[in-house]
Amino acid sequence: MWHQQEIKLLERKRGIHLVTDEILSQLKQLPSINIGILHLFIKHSSASLCINENADPDVRHDVEAHFNHFVPENAAYYQHTLEGSDDMPAHIKSITIGSSVAIPIANGRLNLGTWQGIYLGEHRNHGGSRTIVATIQGEYTTSPV
Amino acid sequence: MWHQQEIKLLERKRGIHLVTDEILSQLKQLPSINIGILHLFIKHSSASLCINENADPDVRHDVEAHFNHFVPENAAYYQHTLEGSDDMPAHIKSITIGSSVAIPIANGRLNLGTWQGIYLGEHRNHGGSRTIVATIQGEYTTSPV
Amino acid sequence: MWHQQEIKLLERKRGIHLVTDEILSQLKQLPSINIGILHLFIKHSSASLCINENADPDVRHDVEAHFNHFVPENAAYYQHTLEGSDDMPAHIKSITIGSSVAIPIANGRLNLGTWQGIYLGEHRNHGGSRTIVATIQGEYTTSPV
């Protein structure tokens, strides 16, 4: 069984955001999968997806602060500067964090740890709405109607 | 063909550990797969999985040293500090290294390079036993009995 | 439908290189897939694969400059030094950027964003030709001939 759809996320400000519920609410096929993989791919080179702690918003604050510190704006060696001081760091953050996540599905649900959720890394100051490709593959719990 | 199981890894101290053999010894279905993918997902937000050099233990030492240096404890901008000075760096290391790996399967074996193995990044001082979800998908070499 | 093949990339100098066309030109099965995933895995622990901006070569220059700055050669804490000053940083860059990418397939093409391409990170000074395992899985647009 294969299913693919594009999801447009709500526009968010620069930072790290928990988007588990926004994504799951749009994946109607998930409950019918017994064993499978959900693959999420972001179609932008200045934003990212990853898995991390789903409870304390301070974690997201600190992740954003860390990457702002260790992927600086206006580094002396940057040549790609015409799109703004946030653009080149956004590309590097996207590469470091990653463009996709793949999450196991079991019994119609994501088989995440208790404290795990899906993060969107919005690395531009004004990134706009971001598009994700969600691909579900797996075997049905029962034959589809 | 789909198979999914959870693997509890032995408890390890903080650092980078080679866990290829511990994982493979528990995947009884692997030899029957002709072409496929093994997906490993760690159900924790303060540990990580990646692929790297399988021979010299000094490489694992140096990877641990690097991330300790470039993901510092007690950074002035951390707000999430109640769970200990190793906790927030552990989340950032998990995001930087990643929560999952996907490895091609060919002829009943992982199609890794000669010098590649599977690393567990244990980023907490006392992380305990870690749980991995192993999902195997692929086509059988012969029809299953 | 499963297909797997190994692709030998042309030898490249140390740096970040756009390899989308070199890879796609060798994947003859792609046009026949309706929905699927292309998984690319590099069989080396001192090189990497990721997705990022496909237009301005300055972005690749700046990514290389960033990682050279934040994954230094000759760090005082490195123990693995016998293979040259570029070797240990190459392992860390490979871990940070990643060994594989998984890209959705839709209607016989990679479902990438307009500005996305596939990057090879060649992290050794003289890495030679690199081997990638390409695994295509998905459903056919029509029954194969």
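Let me sum up the structure you'll find in this document. (Residues numbered from 1 in each chain as written. Chains lettered and ligands numbered in written order. Predicted model: local features only at pLDDT ≥ 70, side-chain atom pairs only at ≥ 80, totals over all residues. Heavy atoms only, no water.)

### What about the interface of chain A and chain B?
You'll often see interface size given as the accessible area lost when the parts meet.
So, point 1. At the interface, 34 residues of chain A touch 28 residues of chain B.
So, point 2. Taken together, the two surfaces of chain A and chain B that pack against each other cover about 2,600 Å², and 60% of this comes from carbon and sulfur.
So, point 3. On the surface where chain A and chain B come into contact, there are zero salt bridges.
So, point 4. The interface formed by chain A and chain B contains 13 residue pairs in polar contact (both at pLDDT 80 or more).
So, point 5. For the side of chain A that touches chain B, the elements supplying multiple residues, two or more each, are β3 (33-42), β4 (47-53), α2 (57-70), α3 (87-97), β5 (100-106), β7 (116-122) and β8 (131-140) of chain A. (Contact = heavy atoms within 4.5 Å. Buried area = accessible area lost by both parts, 1.4 Å probe. Salt bridge = Lys/Arg side-chain N within 4 Å of Asp/Glu carboxyl O. Polar contact = N/O pair within 3.5 Å; in protein donor to acceptor, adjacent residues only side chain to side chain. Helix = DSSP H or I, 4+ residues; strand = E, 2+ residues; numbered from the N terminus.)

### As for the packing of α3 of chain A against helix α2 (residues 57-70) of chain C
So, point 1. The contact between α3 of chain A and α2 of chain C brings their axes to 10 Å, and the two run at 65 degrees. Compared by their axis directions, α3 of chain A and α2 of chain C come out roughly perpendicular. In terms of crossing hand, the pair formed by α3 of chain A and α2 of chain C is right-handed. Listed contacts from α2 of chain C to Met88, His91, Ile92, Ile95 and Thr96 of chain A of α3 of chain A are Val59, Asp62, Val63, His66 and Phe67 of chain C.
So, point 2. Tallied by class, the residues present in the contact of α3 of chain A with α2 of chain C amount to six nonpolar, three polar and one charged. (Axes fitted to C-alpha atoms, helices over the stretch in contact; angles between N-to-C directions. Parallel < 35°, antiparallel > 145°, perpendicular 65-115°, else oblique. Left-handed = near helix turned anticlockwise from the far one by under 90°. Nonpolar A, V, L, I, M, F, W, Y, C, P; charged D, E, K, R; others polar.)

### As for the relation of the copies chain A and chain B
So, point 1. Rotating chain A by 120 degrees and translating it 0.0 Å along the rotation axis places it on chain B, where the RMSD comes to 0.0 Å. Such values leave the two copies arranged in the relation of a three-fold axis. Every residue of chain A has its C-alpha some distance from the rotation axis, and the shortest such distance is that of Thr96 of chain A, at 3.4 Å.
So, point 2. Different-surface contact between copies: only 9% of interface residues of chain A are shared with the interface of chain B. (Least-squares fit on C-alpha atoms with pLDDT ≥ 70 in both.)

### Brief notes about the packing of aromatic side chains
So, point 1. Applying the stated rule across the entire model yields six aromatic pairs over all chains.
So, point 2. Here the aromatic rings of Tyr77 of chain B and Tyr78 of chain B are separated by 5.5 Å at their centres, their planes lie at 85 degrees, and the arrangement is edge-to-face. (Phe/Tyr/Trp six-rings, centres within 6.5 Å; stacked < 30°, edge-to-face > 60°.)

### Digging into the sheet that holds strand β5 (residues 100-106) of chain B
Residues and elements named next belong to chain B.
So, point 1. Pairing is antiparallel in the open sheet, where five strands are placed in the order β1-β8-β3-β5-β6. The two strands at the open ends of the sheet, each matched to only one other strand, are β1 (2-8) and β6 (109-110).
So, point 2. Of the strand pairs in this sheet, strand β3 (residues 33-42) and β5 are connected by seven bridges, and their pairing is antiparallel. Counterpart to His39 in the pairing with β5 is Ala102. (Pairing = 2+ DSSP bridges.)

### Describing the pattern of salt bridges
So, point 1. Following the criterion strictly, the structure yields 21 salt bridges over all chains and no others.
So, point 2. Several salt bridges converge on common partners, so that one network encompasses Arg14, Glu64 and Glu73 of chain A.

### A word on the sheet that holds strand β1 (residues 2-8) of chain A
All names here are of chain A.
So, point 1. On the basis of which strands lie adjacent, the open sheet formed by five strands has the order β1-β8-β3-β5-β6 and antiparallel pairing. Two strands close off the open sheet at either side, each with one partner strand: β1 and β6 (109-110).
So, point 2. In this sheet, β8 lies alongside β1 in antiparallel orientation, the contact comprising seven bridges. Residue His3 lies in a different strand from β8, and its bridge partner there is Ile136.

### Brief notes about α2 of chain C
Residue and element names in this part refer to chain C.
So, point 1. A rise of 1.5 Å per residue sets the reference length of α2, with its 14 residues, at 20 Å; its end C-alpha atoms lie 20 Å apart and thus fit the reference within 8%.
So, point 2. Those residues of α2 not exposed but buried are Val59, Arg60, Asp62, Val63, Glu64, Ala65, His66, Phe67 and Phe70.
So, point 3. The residue sitting at the N-terminus of α2 and contributing the capping side-chain oxygen is Asp56; that oxygen lies 2.9 Å from the backbone nitrogen of Asp58. (Expected span 1.5 Å × (residues − 1). Buried < 20%, exposed > 50% of the residue type's maximum accessible area, 1.4 Å probe, protein only.)

Read these as geometric descriptors, not functional statements.
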